[in-house]
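Observations on the model geometry
For reference, the chains in residue letters:
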Amino acid sequence: MMEGLGFRPYEAYKDSHASWLGEVPAHWQVGPGRICTYENKDKNTGMKESTVLSLSYGRVIVKDEDKMTGLVPESYETYQIVQPGDIIIRGTDLQNDVTSLRTGLAKDHGIITSAYINLRPKPNAYADFLHYLLHSYDVKKVFYGLGSGLRQNLSYVDFKYLTIPLPSLPEQRAIVAFLDDKCAKIEGAVKIKEDQIALLRERRQIIIQEAVTRGLNPAAPMKDSGIDWIGQIPAHWEVKRFKHFFSTAMGETILGENLIDDGKIPVYSATEGDHFFGYVNKSKVSLSAGDLVIPARGNSIGFPKLVAAPATCSQTTIYAKKLRGISSEFVFFYLLSCKRFLFQFIQTAIPQITVDEVKNNILLLPPPHEQVNLVEYCEDITLRFDGAIAIKRRQIDALNEYKTSLINAAVTGKIKVI
């Protein structure tokens, strides 16, 4: 595949005797990890360093002091010292987490938890090359096959004997320069497409908001709604309160341990995506098709969910059960497009929406036949924009897959870049 894109292979190859590597260039050294790395165990005794680092999404980052919450140690003297060029590996919890990226290259001086493995390159290894190589292993899930049997944790011993292909230092640097250039261009293309998705979402919201607050007839007589952020509305529309059409309350307390794999009742909560949390067999809150669930906190705060079948919801949400004549679908699009105006999130340590805030919010009320027309229009707009966004997403996936393949091909010698 890479040859078809203009890359050529090396002249001669040899067997690496590692299934995930296959053949490597004949002149490359192949050996255990100890030929090019050693484990750094420098403790922070005497608090020589105070900058706390963490491994996040495949990057070693400096922790924001204002966000250091949770299990903060009494002393950071037990942490290990990290210097630029160290490779940090999280070898814990392999049984329960098979998706996270587990390696990162340190670019700062600092300290990190001693639960992580700290690999320091020897003079014959270029840190950036080893980082690209181990990142490739990480993506291919090589680490999960280390050792024997089902392993919950890894140690330096696993990496000490891990098969490593090692070209000369000049070749390592050339491979890194090639990958830095190519990856930057790919990431730039991905950023453009992500920006395009953001613009599509913004445009979709503007179009739907315009429809649910001004209607579809540009020639309709207008009147002042009395609401600053809405302005003019069709003269025949009414302005009502949410509580006139919905009964609202907080969801019931449902914790992770209450969920049942083969339960019959879906549970919605303030999670991202479709707000799905799991299943239970009993519930105090019974939701029906046409009811609404509004996350009261979390990343999806204010994003409504339209219930399509019997369900319940957790304490992280507010539910709204329809009482009388209004289209739930219309209200859903109204809430979705106008949420930044409707909910002025309570400014606490954890921003949240209250039941009273939902009850007293303004609802615009077109006649029933207009509600039906508006729902059809909003569904069509959503479908069209979602289709365009899906195309961009597929393009991003293809770019990321190409980057992964390119990194793997370069660091394992499947393509010659010098």
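First, a word on what this report is: a plain description of the structure on this page.

Thresholds applied
Residues numbered from 1 in each chain as written. Predicted model: local features only at pLDDT ≥ 70, side-chain atom pairs only at ≥ 80, totals over all residues. Heavy atoms only, no water. Helix = DSSP H or I, 4+ residues; strand = E, 2+ residues; numbered from the N terminus. Rg over C-alpha atoms; globule rule 2.2 N^0.38 Å. Buried < 20%, exposed > 50% of the residue type's maximum accessible area, 1.4 Å probe, protein only. Contact = heavy atoms within 4.5 Å. Areas by Shrake-Rupley, 256 points an atom, 1.4 Å probe, with all protein chains shown as cover. Lys, Arg positive; Asp, Glu negative; His and termini not counted. Charge placed at Lys NZ, Arg CZ, Asp CG, Glu CD. Axes fitted to C-alpha atoms, helices over the stretch in contact; angles between N-to-C directions. Parallel < 35°, antiparallel > 145°, perpendicular 65-115°, else oblique. Left-handed = near helix turned anticlockwise from the far one by under 90°. Nonpolar A, V, L, I, M, F, W, Y, C, P; charged D, E, K, R; others polar. Pairing = 2+ DSSP bridges.

A few words now on the overall build of the protein. The number of helices and strands found in the protein is 6 helices and 23 strands. For the protein, the C-alpha radius of gyration of 28 Å lies well beyond 22 Å, the compact-globule estimate for 418 residues. On the principal axes, the C-alpha backbone points of the protein span a range of 80 × 55 × 45 Å. Buried positions account for 44% of the 418 residues belonging to the protein. The long-range share in the protein, meaning contacts at least 24 apart out of those at least 6 apart in sequence, stands at 73%. Only carbon and sulfur atoms are counted for the fraction: they give 53% of the accessible area of the protein, which is about 21,600 Å². In the protein, which carries 49 positive and 47 negative side-chain charges, the distance between the mean positions of the two groups comes to 1 Å.

Next up on the list: the packing of helix H1 (residues 127-139) against helix H6 (residues 368-411). Where H1 contacts H6, the two axes come as close as 9 Å, and the packing angle between them is 120°. Of the possible angle classes, the one that applies to H1 and H6 is oblique. In the crossing of H1 with H6, the sense of the turn from one axis to the other is left-handed. Residues Phe129, Tyr132, Leu133, His135, Ser136 and Val139 of H1 touch H6, and the partners they reach there are Thr404, Ile407, Asn408 and Val411. The residue inventory of the contact of H1 with H6, partitioned by class, reads 6 nonpolar, 4 polar and no charged.

Pairing is antiparallel in the open sheet, where 4 strands are placed in the order E16-E22-E19-E20. A single partner strand is all that each edge strand has here, and the edge strands are strand E16 (246-250) and strand E20 (305-306). The sheet contact formed by strand E19 (residues 292-295) and E20 spans 2 bridges and is antiparallel. Residue pairing for E20: Val293 is matched across the bridge by Lys305. Along the sheet, helix H4 (residues 328-342) contacts E16, E19, E20 and strand E22 (317-322); its crossing angle with E19, the most-contacted strand, is approximately 15°.

So, on to the side chain of Thr103. Along the polypeptide, Thr103 turns up in strand E9 (residues 103-105). Since its relative accessible area comes to 0%, Thr103 is described here as buried. Not counting residues up to four positions away in its chain, the partners in contact with Thr103 are Leu55, Gly58, Ile88, Ile89, Leu134, His135, Asp138 and Phe143.

Interaxial distance between helix H3 (residues 169-214) and H6 falls to 10 Å at its minimum, and their mutual angle equals 175°. With respect to their mutual orientation, H3 and H6 come out roughly antiparallel. Among the residues making up the contact of H3 with H6, the classes are represented as 27 nonpolar, 4 polar and 11 charged.

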